[in-house]
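Survey of secondary and tertiary structure
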Amino acid sequence: MGAADTNQGASRSTLILTTAATGVVVVSVMPAFLVGASSVLLAPELGVDEAGIGLTMGTFYLASAFSAVFGGRLVDRLGPGRSLLIIPLVAAPVLVMIGLLVRELWTLLAFLALGGMINGMAQPASNLALSYGNRNRQGLMFGAKQAAIPLATLLAGASIPVVGVTLGWRWSFIAAGLLAMPSCLLPYQNLFPKHRVVPRGERRKIARLGFVTVMAVAMGLGTSAATTLAVFLIPTAVDSGLALDQAAVLALVGSFACIATRLASGWYSDQGESRRLLVIVAVMLAAGAAGFAMLASSQLTGVLAGAFIACSFGWGWTGVMMLACVRYSPNAAASVTGILQAGGATGAAAGPIIFGLLAAQWSYREAWAAAACGSILASVLVLLTATRSGTQSSGRGGLAQERRAS
């Protein structure tokens, strides 16, 4: 009876913790993905082309990259409980203000810059929170949390036929902001009874910055390709001959595929050590590159197949990489993943900008070919690091186990 109650309590804590971390990530990244999903509707009103839409996404992720390293350190000082409370309270009003106040491109860029800075804290905060989780379920928890990003894409895509087409794109942002507020009301604060603030010098020592920096570069390359899916998949599908509502359905299917891949890879990650996890990441990035190359096809069937493969594998690897790096530096989860977030956000900023410029100058075909090159370069870098670094796993849930023992 006692063991059953303990297991039930652990399962409930895992569910609450994962839900809180997922909600924070969804709220923080939603401004960027709503812009991408609504681009066909808002671009004519604001007078921007593909390059302008790429600039909006680039602004969001540049701000995120700028704040990520500092944000990771700040989260380490605040602790996971306060961080998960503060972020939704700040991020939700940004969504509402975009819907109410944006009339020109520069105002949209300003709000997206603010939202990007909030996003720079969200990933380290959620990763630090999950490092306290059940050590036998950390892989699944990280997979579920990373699935929050394609979930945001799914919700953003669903807002087009449900809200955007009928009421206007502004109401998509307003509704998202209002719905985001309850995410800060989950009873997760008591799940973090102790949080030791690691001194700066000790944090630098245990973070193993050489390995983490290489992973940040690889994450930037991979994310530069993957983030374009959230912005340009629907316009590409429309350009290939699909109607807008059909293209929105394709984006929804791609988001479901990415969510399933991240959950499955997270579950499998609970069985592996860090070096094997990086090999999995490299294989997924290579498969994703094939999907991006298929999106460059002039045939509609190639675009459809490429969208499914790119969404599944080309954007499904991030949770495994996050978990591998947290296991490699278990006592500096927020700081380490803050560095990863800086690399990923830099790539996410550069990717849409470069893609938008290539699409405006030439076509979507050349732009998707460039995205495929970025993904394959990331795969090579991760594979070389996995085979040469001799990465050793710190054990499943090392940080949580160590903290509970203290």
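In case you missed it, the structure is sitting above this.
Now for a look at the structure at hand. Not measured: the values here are computed from a predicted model. Within each chain, residues carry numbers counting from 1 in the order of the written sequence. Thresholds applied to this predicted model are a pLDDT of at least 70 for local features of residues and 80 or more for the giving and counting of side-chain atom pairs; totals over whole chains, interfaces and linings are not thresholded and use all residues. For side-chain calculations, the full set of non-hydrogen atoms in the structure is used, while hydrogens and water are omitted.

Comments concerning the overall build of the protein
Strands are runs of DSSP state E lasting at least two residues, helices are runs of H or I lasting at least four, and both sets are numbered from the N terminus onward. The secondary structure content of the protein amounts to 17 helices and zero strands. Any residue under 20% of the maximum accessible area for its type is buried, any over 50% is exposed, and the rest in between are partly exposed; the area is computed with a 1.4 Å probe on protein chains only. For the protein, with 406 residues in total, the buried portion stands at 59%. Any two residues having at least one pair of non-hydrogen atoms within 4.5 Å are treated as being in contact. For the protein, restricting intrachain contacts to residue pairs at least 6 apart in sequence, the fraction spanning at least 24 positions comes to 86%.

Brief notes about the packing of helix α3 (residues 50-78) against helix α15 (residues 333-361)
Each pair of packed helices gets described by two things: the angle between the helix axes and the distance between those axes. Viewed as axis vectors pointing N to C, α3 and α15 meet at an angle of 170 degrees, and their least axial separation amounts to 7 Å. The orientation of α3 with respect to α15, classified from their angle, is roughly antiparallel. The residue makeup of the contact of α3 with α15, split by class, is 18 nonpolar, nine polar and three charged. The axes are straight lines fitted to the C-alpha atoms, using for helices just the contacting stretch, and the angles between their N-to-C directions are given from 0 to 180°. Put simply, angles under 35 degrees are roughly parallel, angles over 145 are roughly antiparallel, angles from 65 to 115 are roughly perpendicular, and the rest are oblique. Side-chain classes follow a simple rule in which Ala, Val, Leu, Ile, Met, Phe, Trp, Tyr, Cys and Pro form the nonpolar group, Asp, Glu, Lys and Arg form the charged group, and the remainder, Gly included, forms the polar group.

Concerning the side chain of Ser 28
For Ser 28, the position within the fold is in helix α1 (residues 2-37). In protein, a polar contact means a hydrogen-donor-capable atom and an acceptor-capable atom, both N or O and within 3.5 Å, with residues adjacent in sequence counting only if both atoms are side-chain atoms; elsewhere, any N or O pair within 3.5 Å suffices. A polar contact is formed between the side chain of Ser 28 and the backbone oxygen of Val 25, at a distance of 3.0 Å. Look past the residues within four positions of Ser 28 in its chain and what remains in contact with it is Phe 60, Ala 91, Gly 115, Asn 119 and Ala 122.

Here we look at the packing of aromatic side chains
Between rings of Phe, Tyr and Trp, where Trp is taken as its six-membered ring, a pair exists when centres lie within 6.5 Å; planes separated by under 30 degrees are stacked, by over 60 edge-to-face, and by other angles tilted. Overall, the coordinates contain eight aromatic pairs when judged by the stated rule. Measuring from ring centre to ring centre gives 5.0 Å for Phe 60 and Tyr 61, while their planes differ by 85 degrees; the resulting arrangement is edge-to-face. Overall, Tyr 61 belongs to the buried group, its relative accessible area being 7%. Measuring from ring centre to ring centre gives 6.1 Å for Phe 355 and Tyr 364, while their planes differ by 35 degrees; the resulting arrangement is tilted. When sorted by exposure, Phe 355 lands in the same class as Tyr 364, which is buried. An aromatic cluster is defined as three or more aromatic residues linked by ring pairs; in this entry it consists of Phe 232, Phe 292, Phe 355, Tyr 364 and Trp 368.

What to know about the nonpolar core
Residues belong to one nonpolar core when they are buried, are Ala, Val, Leu, Ile, Met, Phe, Trp, Tyr or Cys, and are joined through side-chain atoms within 4.5 Å. In this structure, Phe 33, Tyr 61 and Trp 368 are the most contacted members of the largest nonpolar core, which totals 118 residues. In terms of residue count, the dominant contributor to this core is helix α10 (residues 209-239) (15 residues). Not counting residues up to four positions away in its chain, the partners in contact with Tyr 61 are Val 29, Ala 32, Phe 33, Asn 119, Thr 227, Ala 345, Thr 346, Ala 348 and Ala 349.

What about the environment of Leu 285?
If you trace the backbone, Leu 285 turns up in helix α12 (residues 274-295). By relative accessible area, which is 0% here, Leu 285 ends up buried. In this structure, the C-alpha to C-alpha distance between Leu 285 and Val 380, residues 95 residues apart in sequence, is 8.8 Å. Among all residues touching Leu 285, those that are not within four sequence positions of it are Gly 222, Phe 313, Trp 317, Ser 375, Ala 378, Ser 379 and Val 382.

Digging into the pattern of salt bridges
Salt bridges, as used here, are contacts in which a Lys or Arg side-chain nitrogen is within 4 Å of a carboxyl oxygen on Asp or Glu. Within this structure, the stated rule accounts for one salt bridge. Between Arg 170 and Glu 45 there is a salt bridge whose closest N-O contact spans 2.7 Å. Within this pair, whereas Arg 170 is found in helix α8 (residues 169-180), its partner Glu 45 is found in helix α2 (residues 39-46), the two being separated by 125 residues in sequence. With a relative accessible area of 46%, Glu 45 lands in the partly exposed category.

Focus: the side chain of Ser 83
Mapped onto the fold, Ser 83 is located in helix α4 (residues 80-101). Contacts of Ser 83, omitting those with residues within four sequence positions, involve Val 75, Leu 78 and Ala 125.

Details of a nonpolar patch on the surface
Patch membership needs two things, relative accessible area over 30% and no salt bridge, and members are linked within 9 Å if like-charged or within 5 Å if nonpolar (Val, Leu, Ile, Met, Phe, Trp, Tyr). Only the protein chains shown count as cover for residues, with accessible areas throughout obtained via the Shrake-Rupley method and a probe of 1.4 Å. Together, Leu 85, Ile 86, Leu 89, Val 90 and Met 181 line one region of the surface with nonpolar side chains, adding up to about 360 Å² of accessible area. When you line up the elements, Val 90 lands in helix α4. Take Val 90: its relative accessible area is 39%, and that puts it in the partly exposed class.

Regarding α8
One less than the number of residues in a helix, times 1.5 Å, gives the span that helix is expected to have. Between the first and last C-alpha of α8 there are 17 Å, a value that for twelve residues agrees with the 16 Å anticipated at 1.5 Å per step. For α8, the complete set of buried residues consists of Trp 169, Arg 170, Ser 172, Phe 173, Ile 174, Ala 176, Gly 177 and Ala 180.

Comments concerning the packing of helix α11 (residues 244-269) against helix α14 (residues 318-328)
Between α11 and α14, whose axes approach to 8 Å, the crossing angle comes to 30 degrees. It follows that α11 is roughly parallel to α14 by the angle criterion. Of the residues in α14, those touching α11 at Arg 262, Ser 265 and Ser 269 are Thr 318, Val 320, Leu 323 and Arg 327.

A look at the environment of Ala 218
Inspection of the secondary structure puts Ala 218 in helix α10. C-alpha of Ala 218 to C-alpha of Leu 381: the two residues are 163 residues apart in sequence and 6.2 Å apart in space. With near-sequence residues (within four places) excluded, Ala 218 lies in contact with Met 321, Ala 378, Leu 381 and Val 382.

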